[in-house]
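# What the coordinates show
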Amino acid sequence: MISAEKVNEILGIKESYELPDRLMELLFSDKCQRIVNEFRGLEEDLSYDWFSSYFQEEHSNRRAMMQDFTPKELCSLLPALDGDYETVADICAGTGGLTIAMWNHNKNARFYCEELSNRAIPILILNMLIRNIGAIIVNKDILTGEIFAAYETKCGSVKRISDVPEDISVDVAVTNPPYSVKFKFEKDDERYKDYGVPPNQFSDYAFIIHAMSLINDSGSVLAILPHGILFRANREYEIRKNIINKKQLSAVIGMPDKTFRHTGIPVCVCVFKNNSDDVLFIDASKDFDKKNKYNVITHESIKKISGCYHERKEIDKYSHLAEKDEISKNDYNLNIPRYVDTYEREEIPELHTVMNELASLDVEIYKQQKELIRQMRQLTSEDVSKRKELKESIDMLENAMENRSVQLELKL
């Protein structure tokens, strides 16, 4: 991972807060190629976003914008779920982690990226230039639809564009949107007429519906989402019901918790795709390696998930293929434990084993009580009343042991 100090040195800044303005200035100057080449010289591995940690620590707005950057292991799962694409949309692209993951699988793919943060946009552009990724990058508020600026990267150069294509139709859209953002939705908003208007306290389905509007008829949406979208009631229940009845949900995959840096909540990966006759539920929440305080998704887990998804097969205590009728009977609740039973029944021990353990515990208790009495007899006091109270306590404890003392002494 490139250090913050080295990033600041290349850009000629002293403090990290200066980066967005300085980088944007350099990208649209005759120094652009030199800056790109200097970063390329620092790291040969182009398969991940070098700047995610830098941006997350120095520039992201966790409180206001709920920014939490996608772990690279989770990024690598999404292209494994859709191996055949030429065009990709990255919604809430951040600095480009998911775009880079999808580019790893197809170096010739064309990208369309939308991102609200004008502090992330310069790094997103730089990541595209470093890898010669062709992309249209739109600085946009997805919830309001307002566009602030747009750029195009092509053949290692970048330019500002004034006209953003309105007829976006891609093979796959990927997104890890900010979770549960509050927004006042208008009830007559045309974008939601086929599904229902999201609730003001949760914007998750707004991002999903937007991503679905960008894919072609055979395309898919791969979304990293909080589990609340699977079972929350009221307006989200209606949206969920409409999506399922329209046969647009293909899979729900439960991932381990503590995979993100700033939140311990578990997430799920949902695949939305037209003409999905059933929904594959996968519980991959136990497949991880522990690394310090984080859970890291393993390469083996990614292979198992993608293999199960593509074959759409049922695996005991891991996956289940649910028809629409089954989901309807569950009142459109998509909570994974309703469909994948991971309960492991404990083996019932033999009766003689239990009795031996109880007898051993009884003996140990008796030993401890005898030792307690021995120590109590060593206590003394000049206060007559306290000595009397101590003797009564010893007598009480000895009387309590008397009924079983013979049997226990034999065992001792």
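Up top you'll find the structure we're talking about.
Residues numbered from 1 in each chain as written. Predicted model: local features only at pLDDT ≥ 70, side-chain atom pairs only at ≥ 80, totals over all residues. Heavy atoms only, no water.

## A short note on helix H10 (residues 204-212)
A large share of H10 lies buried, amounting to nine of its nine residues. Along H10, the positions that sit buried rather than exposed are Asp 204, Tyr 205, Ala 206, Phe 207, Ile 208, Ile 209, His 210, Ala 211 and Met 212. (Buried < 20%, exposed > 50% of the residue type's maximum accessible area, 1.4 Å probe, protein only. Helix = DSSP H or I, 4+ residues; strand = E, 2+ residues; numbered from the N terminus.)

## Some thoughts on the side chain of Asp 278
Checked against the element boundaries, Asp 278 lands in strand E10 (residues 278-283). Looking at Asp 278, its side chain comes within polar contact range of the side chain of Arg 312, at 3.2 Å. Residues contacting Asp 278, with those up to four places away along its chain left out, are Leu 249, Ser 250, Arg 312, Leu 321, Ala 322 and Glu 323. (Polar contact = N/O pair within 3.5 Å; in protein donor to acceptor, adjacent residues only side chain to side chain. Contact = heavy atoms within 4.5 Å.)

## A few points about the packing of aromatic side chains
Taken as a whole and assessed by the stated rule, the structure comprises seven aromatic pairs. On the numbers, 5.9 Å between centres and 45° between planes, the contact of Phe 28 with Tyr 151 is tilted. Of this pair, Phe 28 sits in the loop between helix H2 (19-27) and helix H3 (32-40) while Tyr 151 sits in strand E4 (residues 147-154), and the two are 123 residues apart along the sequence. We classify Tyr 151 as buried; its relative accessible area is 8%. Lys 107 extends its terminal NZ or CZ atom over the ring of Trp 103, reaching a point 4.6 Å from the ring centre. Positioned over the ring face of Tyr 318 is Lys 304, at 4.0 Å from the centre of the ring. (Phe/Tyr/Trp six-rings, centres within 6.5 Å; stacked < 30°, edge-to-face > 60°. Lys NZ or Arg CZ within 6 Å of the ring centre and 35° of its normal.)

## Concerning helix H11 (residues 235-245)
When we look at burial in H11, the residues that qualify are Glu 236, Tyr 237, Ile 239, Arg 240, Ile 243 and Ile 244. Projected down its long axis, H11 carries its buried residues within an arc of 165°, all on one side. Looking one or two residues past H11, Lys 247 carries a phi angle of roughly 60°, positive in sign. (Arc of directions from axis to C-beta.)

## A closer look at the sheet that holds strand E5 (residues 157-160)
Taken in spatial order, the 11 strands make up an open sheet running E5-E4-E3-E2-E1-E6-E7-E9-E8-E10-E13, and their pairing is mixed. The open sheet has two edge strands, E5 and strand E13 (319-323), and neither has a second partner. Neighbour-to-neighbour, the strand axes of this sheet turn through a mean angle of 15°, independent of strand direction. One ladder, built from seven bridges, connects strand E7 (residues 215-226) with strand E9 (residues 267-273); its direction is antiparallel. Of the residues in E9, the one forming a bridge with Leu 225 is Cys 268. Taken strand by strand, H10 contacts strand E1 (87-91), strand E2 (110-115), strand E3 (135-140), strand E6 (170-175), E7 and E9, and its axis lies near 160° from that of E7. (Pairing = 2+ DSSP bridges. Axes fitted to C-alpha atoms, helices over the stretch in contact; angles between N-to-C directions.)

## Structural notes on the layout of surface pockets
Estimates place the volume of the second largest pocket at around 240 Å³. Lining the second largest pocket are 14 residues, and of these Tyr 112, Glu 114, Lys 140, His 210 and Leu 214 sit closest to its centre. In terms of residue class, the lining of the second largest pocket is made up of seven nonpolar, three polar and four charged. (1 Å grid on protein atoms, 1.4 Å probe; cavity = no way out; pocket = protein on both sides within 12 Å on 5 of 7 lines; lining within 4 Å. Points joined across faces, edges and corners; volume = space filled by probe spheres on them. Nonpolar A, V, L, I, M, F, W, Y, C, P; charged D, E, K, R; others polar.)

## With respect to the pattern of salt bridges
Following the criterion strictly, the structure yields 14 salt bridges and no others. With its nearest N and O atoms 3.6 Å apart, the salt bridge here joins Glu 152 to Arg 110. Of the two residues, Glu 152 sits in strand E4 while Arg 110 sits in strand E2, which places them 42 residues apart along the sequence. Of the residues examined, Glu 152 reaches a relative accessible area of 16% and is grouped as buried. For Arg 110, a relative accessible area of 33% corresponds to the partly exposed category. When the shortest N-O distance is used, the salt bridge between Lys 313 and Glu 311 registers 3.5 Å. Taking the relative accessible area as the measure of exposure, Lys 313 reaches 35% and is therefore partly exposed. Classification of Glu 311 as exposed rests on a relative accessible area of 55%. Through salt bridges with shared partners, a single ionic network connects Asp 204, Arg 232 and Glu 236. (Salt bridge = Lys/Arg side-chain N within 4 Å of Asp/Glu carboxyl O.)

## Some details on the pairing of E9
Among the seven residues that make up E9, six are buried, leaving the element largely enclosed by the rest of the structure. Bridge count for strand E8 (residues 249-254) against E9 is five bridges, and the pairing is antiparallel. Paired with Gly 254 across the strands is Cys 268, a residue of E9.

## Here's the deal with the pairing of E2
With respect to burial, E2 is a largely interior element, five of its six residues being buried. Sheet topology note: the E1/E2 ladder contains five bridges and is parallel. By the bridge assignment, Thr 87 is partnered in E2 with Arg 110. Between the parallel elements E1 and E2, the chain passes through helix H8 (residues 97-105) in a crossover that is right-handed. Bridge analysis of E2 against E3 gives five bridges, and the strand direction is parallel. Each bridged residue has a counterpart across the sheet, and for Phe 111 the counterpart in E3 is Ala 135. Running through helix H9 (residues 121-130), the crossover from E2 to the neighbouring parallel element E3 is right-handed. (Right-handed = clockwise from strand over helix to strand, strands pointing away.)

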